[in-house]
Amino acid sequence: MSSTADAAPAATHSHGHSHSHEHAAHPQGTLKSYAIGFVLSVILTAIPFWLVMSGALPMQATAITIIGFAVAQILVHMICFLHMNMKSEGGWSMMALLFTLILVVIALSGSLWVMYHLNTNMMPGHDMSQMP
Amino acid sequence: MSDTALTTPQGAPLFHLADEHEHEEGGSTALGFWIYLMSDCLIFAILFATFGVLGGSYAAGPSPKDLFDLPLVALNTSMLLLSSITYGFAMLAMQRGRSGQVQAWLAVTGLFGLAFLSIELYEFAHMIHEGATPQRSAFLSSFFTLVGTHGLHVTFGLIWLVTLMVQVKKRGLIAANQRRLSCLSMFWHFLDVIWIGVFTFVYLMGMLR
């Protein structure tokens, strides 16, 4: 019953309301942002592939460089294609993203760290009784 | 006890209508869908972590260097990237209210997505034909799970895209359809973001191991 009471004012106000909300809630892309995003993505994809296929750099340096390029490209996609900014949805999109990133970093680094040590300590021939 | 909580001191029933300011229909859809994508991101994070742990356990089987064909992966990556920009063009056409152009760009996006899936399935079939099945080693199990989950997402994205093409054809660019197209836009670009992680950590780093 409260829904019918709410529906009437919502329907009458919906036009002006949605219009004022449009810019804050759904940041829309422009041709320029998509074009910049695409060109940057092509560059940021081509260089890592070239580095690995040609072997121009030593292995360690290649690994660090391609991770750097991946992070840069993810940022480009977030800004140019997903239109992330501090203001969309009153900042809640960014809060959700930051929270997720924290969880992702904990899950990834924690798993890799713990399992790496578990693997090295469980290696055959590694005598635990020799440990201090 | 609960009576006192729900009534004012005067005894009149208290409704919290003050909080219920009018919400336009679908006003919270974009944020809700974004939070869904973040939960999806966590699924992929766990699959990446699993691959990171198991990615070096070949069980005397084939290693990434024996299996991966980087030019093919580069082609695959370009297909997904092109589909991202064409979806962007569909969104720009939607903002101008041109439903014909939206349909055309959606169709192009769908074709690029289909090309991506075909190349991936060809790659999988080739690997399985060579005996590199998911059962062969922990590396291959985690590889097929991670890349397969991404491929499954692209498949569902394609089904969604075709559904929206039918919707736009039948109803035009009404507010509900615009909202749906925006959600699929987020989904599609999100899958491209995940693919950046896949080609960097699985394929390129795999070749360096």
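Residues numbered from 1 in each chain as written. Chains lettered and ligands numbered in written order. Predicted model: local features only at pLDDT ≥ 70, side-chain atom pairs only at ≥ 80, totals over all residues. Heavy atoms only, no water.

**Student:** Hey, could you run me through the interface of chain A and chain B in this one?
**Tutor:** A common measure of how large an interface is: the accessible area buried when the components associate. Tallying the contact residues gives 49 residues for chain A and 44 residues for chain B. Of the roughly 4,100 Å² buried between chain A and chain B on both sides combined, carbon and sulfur atoms contribute 81%. Of all residues in chain A, Tyr34, Phe49 and Leu82 of chain A give up the largest surface area on contact with chain B, accounting jointly for 16% of the area buried on that side. Joining chain A to chain B, the criterion identifies 0 salt bridges. In this assembly, chain A and chain B are joined by 2 residue pairs in polar contact (both at pLDDT 80 or more). When residues of the side of chain A that touches chain B are traced back to their parent elements, those giving at least two are α1 (2–25), α2 (31–54), α3 (59–81) and α4 (92–121) of chain A. (Contact = heavy atoms within 4.5 Å. Buried area = accessible area lost by both parts, 1.4 Å probe. Salt bridge = Lys/Arg side-chain N within 4 Å of Asp/Glu carboxyl O. Polar contact = N/O pair within 3.5 Å; in protein donor to acceptor, adjacent residues only side chain to side chain. Helix = DSSP H or I, 4+ residues; strand = E, 2+ residues; numbered from the N terminus.)

**Student:** Would you explain the side chain of Thr45 of chain A in this entry?
**Tutor:** Mapped onto the elements, Thr45 of chain A comes out in helix α2. In terms of polar contacts, Thr45 of chain A uses its side chain to reach the side chain of Gln73 of chain A, at 3.0 Å. If we ignore the near neighbours within four places in the chain, the residues touching Thr45 of chain A are Gln73 of chain A together with Thr77, Leu81 and Phe199 of chain B.

**Student:** Sorry if this is basic, but what is going on with the side chain of Asp40 of chain B here?
**Tutor:** All names here are of chain B. Relative to the helices and strands, Asp40 resides in helix α2 (residues 29–54). This buried residue, Asp40, is left without a salt bridge; Arg180 holds the nearest opposite charge, at 18 Å. The contacts of Asp40, once residues within four sequence positions are left out, are His153, Phe187 and Phe190. (Buried < 20%, exposed > 50% of the residue type's maximum accessible area, 1.4 Å probe, protein only. Lys, Arg positive; Asp, Glu negative; His and termini not counted.)

**Student:** Can you walk me through the layout of surface pockets in this structure?
**Tutor:** Unoccupied space between atoms shows up once a probe the size of one water molecule is rolled over them. In this structure, the largest pocket occupies an estimated 1,200 Å³ of space. Along the wall of the largest pocket there are 32 residues; nearest its centre are Ile74 and Leu108 of chain A together with Phe48, Gly197 and Phe201 of chain B. For the lining of the largest pocket, the elements supplying multiple residues, two or more each, are α3 and α4 of chain A together with α2 and α7 (175–208) of chain B. Per-element accounting of the lining of the largest pocket gives the leading share, 10 residues, to α3 of chain A. Class assignment of the residues belonging to the lining of the largest pocket gives a composition of 28 nonpolar, 3 polar and 1 charged. (1 Å grid on protein atoms, 1.4 Å probe; cavity = no way out; pocket = protein on both sides within 12 Å on 5 of 7 lines; lining within 4 Å. Points joined across faces, edges and corners; volume = space filled by probe spheres on them. Nonpolar A, V, L, I, M, F, W, Y, C, P; charged D, E, K, R; others polar.)

**Student:** Would you explain unusual backbone geometry in this entry?
**Tutor:** Both trends apply: most residues other than glycine have a negative phi, and most peptide bonds are in trans. With a phi angle near 55 degrees, Glu89 of chain A is a residue other than glycine that sits in the positive phi range. Structurally, the position occupied by Glu89 of chain A is in the loop between α3 and α4. At Ala59 of chain B, a residue that is not glycine, the phi angle is positive and equals roughly 50 degrees. Here Ala59 of chain B is to be found in the loop between α2 and α3 (64–67). On the basis of relative accessible area, Ala59 of chain B is assigned to the exposed category, the value being 52%.

**Student:** Help me understand α3 of chain A, please; the structure alone is not making it clear to me.
**Tutor:** For an α-helix the count is 3.6 residues per turn, leaving residues at separations of three or four pointing the same way. Its 23 residues place the ends of α3 of chain A 32 Å apart at the C-alpha level, agreeing with the 33 Å of an ideal helix rising 1.5 Å per residue. Taken together, the buried positions of α3 of chain A are Thr62, Ala63, Ile66, Ala70, Gln73, Val76, His77, Met78, Cys80 and Phe81 of chain A. Of the surrounding elements, those touching the buried residues of α3 of chain A are α2 and α4 of chain A together with α2, α4 (70–95) and α7 of chain B. Positioned one or two residues after α3 of chain A, His83 of chain A has a phi angle of 55 degrees, which is positive. (Expected span 1.5 Å × (residues − 1).)

**Student:** Just checking my understanding: could you explain the packing of aromatic side chains for this structure?
**Tutor:** Working definition: an aromatic ring pair is given by the centre-to-centre distance plus the angle between the planes. Overall, the coordinates contain 20 aromatic pairs over all chains when judged by the stated rule. Through a chain of ring-to-ring contacts, the aromatic side chains of Phe51, Tyr58, Phe68, Phe116, Phe124, Phe139, Phe143, Phe144, Trp195 and Tyr203 of chain B assemble into a single cluster. (Phe/Tyr/Trp six-rings, centres within 6.5 Å; stacked < 30°, edge-to-face > 60°.)

**Student:** Would you mind showing me how to read the confidence of the model for chain A here?
**Tutor:** The predicted model of chain A has a mean per-residue pLDDT of 79, with 73% of residues at 70 or higher. Taken together, the stretch residues 1–25 of chain A has pLDDT below 50 and engages in 14 contacts with residues farther than four places along the chain or on a different chain. (pLDDT = per-residue confidence, 0-100.)

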